[in-house]
Every structure is written in C-alpha cells, then in structure tokens.
Amino acid sequence: MEYVTPEGLRTDGRRPRELRKLGCQLGTLESADGSATCEMGFTKVLAAVFGPRDTAGKLHPDRAVVRCQVATAPFSAGERRRRGKRGPLATEQAATIRETLAENIHLELLPRTQIDLYFHVLQADGGILSTCLNAGMLALADAGIPLKDLVGSCTVGYLESTPLLDLNYIEESGGGPLLPMAYQPNMDKILMLQMDKGKLPVETFEVLATLATEGCRAVTGQIRQSLMNHTKQLAVARGSV
Amino acid sequence: MSERGPVVCPGDRLGQESNYIAGAGTYGREGFIYASIVGRQEVTSAQGDAEKKLPIVTVTSMKGGGKVVPQIGDVVTGRVTRLRQQAAVVDILCVGERALHTKFQGQIRTQDVRAKEIDKVTIPTSFRPGDLVRAEVLSFGDANFYYLSTAKNELGVVYAESPAGVPMVPISWQDMQCPQTHVRERRKVAKVVQNTQEASK
C-alpha cells in the first residue's frame, strides 16, 4: 500500500507534516468538576475530571493522588465489539496518561485529596493516547486545578522513508514506528515520549522528535486559544467583561 | 487598589519575583511568576507602607475561584452529622470564608473539644447533629476523617436549633437556651467575634 503519493499527499489528503483538524470543547459534561471533548480528525475523546475530593482509601498526607481510567466505546472503531477498560492496552494507556498529567499538576497544593480522570474514547482513528492527553489537559484546566504549564500532545511516525505527523488509523497500522509525545511549551520540557513498534536510526529519531515537538507546540497553541475563548464566553455569560 | 488585566493560561509568565508577590492562582519558579489556572490576571497594590511591600499578582478563575481544600491550621465551618462515643462527625462546608466544592469529612474527638478538663468531656453534652460548628484543622487524621479541634474560645457551636426548631441563644460558654420554650441544652459554645483575623492579633 502507498502511504505517501509521488505528489506528496497522504491517504486522507494531508501533507506529511500536516496536523489533522483539532477540535476542543470545554464543559461538555455537566456533572463533572471539569470536562472537555477533544477531536483530532476523526478521533474523539471525552475527558471528565472529578476532584480534588476526599480520598477513598489510600492516603497521602502531603499531596494529591491521581487516578485514571480509559474506556473505549464499542462503536468507536470499524467493527462493533466490546472493548473493556481493564484490558492490558487500556491499563497501560491509563498509567501513561496518569503519570504524564500528574507531572503537570501542583499535587503538593492539594494534600490528602484525590483527583479522578475518566476518559471515554468515542471515535478511534489513530492517536488515541495523544487525543486523551489533550482532552485531559483541557478538562483539568476547566476544573480549575493548579497546573504548572499547558500540555500538548501529538504522534509522529515513519513510513516509506517519510516522517509523518499525526497519524490516522490506516497509517498507524502501516507497521512503521510510532512516537507519541507530550510537551510543555513554556517550560520547554518533554513530559512523555514513547516509541511503539519498530526500530529507527538515531538521526531519523532526532528528525522525528523535532517534528513531534513542533506538532505539540501547534497543538498547545490551539488548546490555549480554546481555553481563552471559553473563559471569555464565561465572562460574557456572567456579565463581568 | 486592584487592577484587572488580561486572561491568562497555565504556564503564562506574569512577572518577576523581585517585582511581585505570587498570590492565588500563580506560582514562582526560577525567579519568575507563572499562572497556574485559567482566568483573569489581577494586580493588587500592597496595603499600608507601599514602598516596602510588593504588589500581589493573582489569577481569578471565571468558574468561581480556584480549588480550596482544608489545610492544617485552617479555621473551617461544618455541620455535625452524627455523634459517636469518642467523637462528633462533621461535614466540612467552608474553609475560612470560601465554600468547598465537595464534602470533606472531619471529626472532633473528645480530647479536642475544649482546652481544659478534657477528661470530663462527653460528646452529647458538647454537640448535637445539625449544629453548625467552627473548628480548626489539627491534622489530616486517618484515612476517613480530618481531625478537627474546638479547643479555643472562639471555636465551637455557632448555630444550633432547639427541639422546637428555633435558633437557640447562647447563655454561657457551655449552655444554650431556646427563646420560645426556654429549654436549656449543653453545647461547647463558640464566642463569636466580629472579625477573627483582628481577634487573633
């Protein structure tokens, strides 16, 4: 299969270094303390934050505990089937998201509390981890939890000797290496970088890491814009412009 | 005094630590002050001797303040929900003057009810379910409860209803009376002062 045509177009008509359309909505779930829906192309994730609330169980007197669960809807991908939230993949994704987002929270300001993060993958078309991280970032900001910085995430891959940004499902199944990255733009710090599948020469890896950083910067720019817009809408709604 | 600024996001640099004091919704790192929540940036000039003190920079969320959780030493307001042999269980509602967004449970143990004669304290003669109580957070306690203390004059029951459903009037530091039925009940009564901050000075 051909992933990049001689004209330099991908299966969905994008250029190799082009992000998919990013959609962010805040406050999509009324009952949560903070919530957000994030769309990257056809991938769509709902994130809900509950807390900081009284701990139920394990106690840390000096900081908050973050818990995380990722559920995938049966209708999220091509074939309809039950996709658990306790399977090995969901557990691993949940652990990665928890560690990454917890690193960005001022946990020491919320002692003896817990923060619960729930993710629901509504549509899966590649880049689930990145979309979850972006949705989680938005939901945490919506909940008003003290954060160190913004976090943006995107995935890069390498197919047919071409570095690709923000892969969709067809490209993720292409067998090349996948590098999801989470990045704090103001602190210029990489929070998370994985390499799933395949191997890479170091030179290519560096090219991909740079591309991922640029992609994350672009994503955080849009996250920032949507947070600002939401805040301004709230200000208008409350009549405190 | 306060100057309203632009809307900022977490990680936005607000100024240098040598020029401002980091207030609510901000944090300091490597000599700079950054926002930690989404909201409007405000700068409050220092009260009193303006030349010595630095202005305070804060970020205020549009969803009604940042998140508050009880910390050790905070004075909290709560409602007594049930009594045990050795402690009264309290739902913490407010920290200082700020309302909490969810319920936090605390308990006032017999030894923390008052400062003197603590071995003569019994819980039913100090609190009743439904009372509103001012208390101080002693410690984060065990897995289930914050430990609270009312062992100060200004701490204790601030509002209680008699069996007739009428707010009772304090008549001593350990008695309250119903103005209608003249029923007396025993409480650990708080000496309510107008401004607790001034009282502690």
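Here the residue numbering is sequential within each chain, running from 1 through the sequence in written order. Numbering of ligands from 1 and lettering of chains from A proceed in the order in which they are written. With the structure being a predicted model, the display of local features is reserved for residues of pLDDT at least 70 and the display and counting of side-chain atom pairs for 80 or more, all residues being used for whole-chain, interface and lining totals. For the side-chain quantities, the full set of heavy atoms in the structure was used; hydrogens and water were omitted.

1. Comments concerning the packing of aromatic side chains
Threshold: Only rings of Phe, Tyr and Trp enter the pairing, Trp through its six-membered ring, and a pair is recorded when the two centres are within 6.5 Å. The plane angle decides the type: under 30 degrees is stacked, over 60 is edge-to-face, the rest tilted. Going along the chain from the N terminus, every DSSP run of H or I of four or more residues is numbered as a helix, and every run of E of two or more is numbered as a strand. Burial classification: accessible surface area is computed with a 1.4 Å probe over protein chains only, and a residue below 20% of its type maximum counts as buried, one above 50% as exposed, and the rest as partly exposed. In this scheme, Lys NZ or Arg CZ marks a charge over a ring once it lies within 6 Å of the ring centre and within 35 degrees of the ring normal.
Using the criterion set out here, one finds four aromatic pairs over all chains in the structure. Between F50 of chain A and Y118 of chain A the ring centres are 5.8 Å apart and the planes differ by 75°, which places this aromatic pair in the edge-to-face class. In this pair, F50 of chain A sits in strand β3 (residues 43-54) while Y118 of chain A sits in strand β5 (residues 113-123), placing the two residues 68 residues apart along the sequence. Residue classification places Y118 of chain A among the partly exposed positions, given a relative accessible area of 30%. Three or more aromatic residues joined by ring pairs make a cluster, and in this case those are F104, F140 and Y146 of chain B. Geometry around Y146 of chain B places R112 of chain A over its ring, the cationic atom sitting 4.2 Å from the centre. The positively charged end of R109 of chain B is found above the aromatic ring belonging to Y147 of chain B, 3.9 Å away from the centroid.

2. Overview of the sheet that holds strand β14 (residues 169-172) of chain B
All names here are of chain B. Stated formally: Here, strands pair whenever DSSP counts at least two bridges between them. Axis definition: a line fit to C-alpha positions, over the contact stretch in the case of helices; interaxial angles, taken between N-to-C directions, run 0 to 180 degrees.
Spatial ordering of the open sheet is given by β14-β15-β16, a layout of three strands whose pairing is antiparallel. Sheet topology places β14 and β16 (184-186) at the edges, where each strand pairs with a single neighbour. For this sheet, the mean angle separating the axes of adjacent strands, direction not counted, is 35°. By the bridge criterion, three bridges tie strand β15 (residues 175-177) to β16 in an arrangement that is antiparallel. Opposite M176, over in β16, you have E185 as the bridge partner.

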